[in-house]
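Understanding the architecture of this molecule
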Amino acid sequence: MYQDRYHQYVSALERLFIRFYKPLKAYAFRYVNDDATSEDIVQDVFLELWVRREDIRFNDFDAVKSYLFKSVYNHSINMLKYGHLHDSRPLEDIDENTVLESYISSCVLNQEQSLLLKELEVEIAAFVETLPPQCKRIFLLSRADGLKNREIAEQLSISIKAVEKQINKALSGTRKYLKSKGLI
C-alpha cells in the first residue's frame, strides 16, 4: 500500500517537473536575472514539494501549479532580499522606483502570459472536443492522465502503433488548429 502511494507521488512529481521546470526557471530568472540561481530556486521548490507530498493534492492541477509559481516567486524575492546572488547589491542601494517599475512590468507580463495560456488551454480543449471519440480518448489518456503509450494500448486492447498514430493525429491537428487561430 505504502509503495503504491510512494510510486504515485514519484510519478506525479516527475510529470510536474517535466511540465513546469522550464517555465518556472524562466519565471525565477525574471526576478533574479541569474541562470544558476534560477535553477537552484526551482530545484529547491521541487524539493519542498517532495517533502510536503503528503499535504499536497496532486490531483488538483491548478492548486499545484499555483503553489509552484508562488513558491518560486517567494524564493526569488527571498534571494533578492537576503543578498544570496553572486552580483547582488545591498537592498538599500536599489532604487525603489526601479524595483517598482520592474515589479509592475513583471505583473503585466505575468497577466499577459496567464491570459495567453488560458486562451491556449481553452482553444486546445475546444479542438480536443472535435476529435473522433477514440482519438480523443487516447489523447486525453496520454496528456491529461499522463499514461504511457503502452499503458493506453493495454487499457484499450489496441496496439502501441495505433496509440502512437492517434496521438500524432491529435497533436498534428492541434498544431494546425492553433496556427489557424494565430496562436502559434
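Below or above, wherever it landed, is the structure these notes cover. As the structure is a computational prediction, the values presented were derived from the model and not from experiment.

Turning our eyes to something else, we now look at the pattern of salt bridges. Applying the stated criterion across every chain yields a total of six salt bridges. The salt bridge partner of Arg150 is Glu154, with a shortest N-O separation of 3.7 Å. A residue pair is termed a helical-turn pair when its members lie 3 or 4 positions apart in one helix, as Arg150 and Glu154 do in helix H6 (residues 149-156) at four residues. Residue Arg150 is classed as partly exposed on the basis of its relative accessible area of 43%. When its relative accessible area of 54% is taken as the criterion, Glu154 is described as exposed. For Lys161, the salt bridge goes to Glu164, with nearest N and O atoms at 3.9 Å. Separated by three residues within a single helix, Lys161 and Glu164 lie in helix H7 (residues 160-180), roughly one turn from each other. What makes Lys161 exposed here is its relative accessible area of 64%. Taken together, the shared-partner salt bridges connect Lys25, Asp35 and Glu39 into one network.

The subject of this paragraph is helix H5 (residues 133-143). Turning to H5, its buried residues number three or more, namely Cys135, Ile138, Phe139, Leu141 and Ser142. Burial along H5 is one-sided: seen end-on, the buried residues are contained in an arc of 165 degrees.

In this section: the environment of Lys22. Structurally, Lys22 can be placed in helix H1 (residues 2-32). Given the relative accessible area of 68%, Lys22 is considered exposed. When the C-alpha atoms of Lys22 and Val42 are compared, they prove to be 9.1 Å apart, with 20 residues separating the residues in sequence.

About the cut-offs
- Residues numbered from 1 in each chain as written.
- Predicted model: local features only at pLDDT ≥ 70, side-chain atom pairs only at ≥ 80, totals over all residues.
- Heavy atoms only, no water.
- Salt bridge = Lys/Arg side-chain N within 4 Å of Asp/Glu carboxyl O.
- Helix = DSSP H or I, 4+ residues; strand = E, 2+ residues; numbered from the N terminus.
- Buried < 20%, exposed > 50% of the residue type's maximum accessible area, 1.4 Å probe, protein only.
- Arc of directions from axis to C-beta.

Remember, this is a structural readout, not a statement about activity or role.
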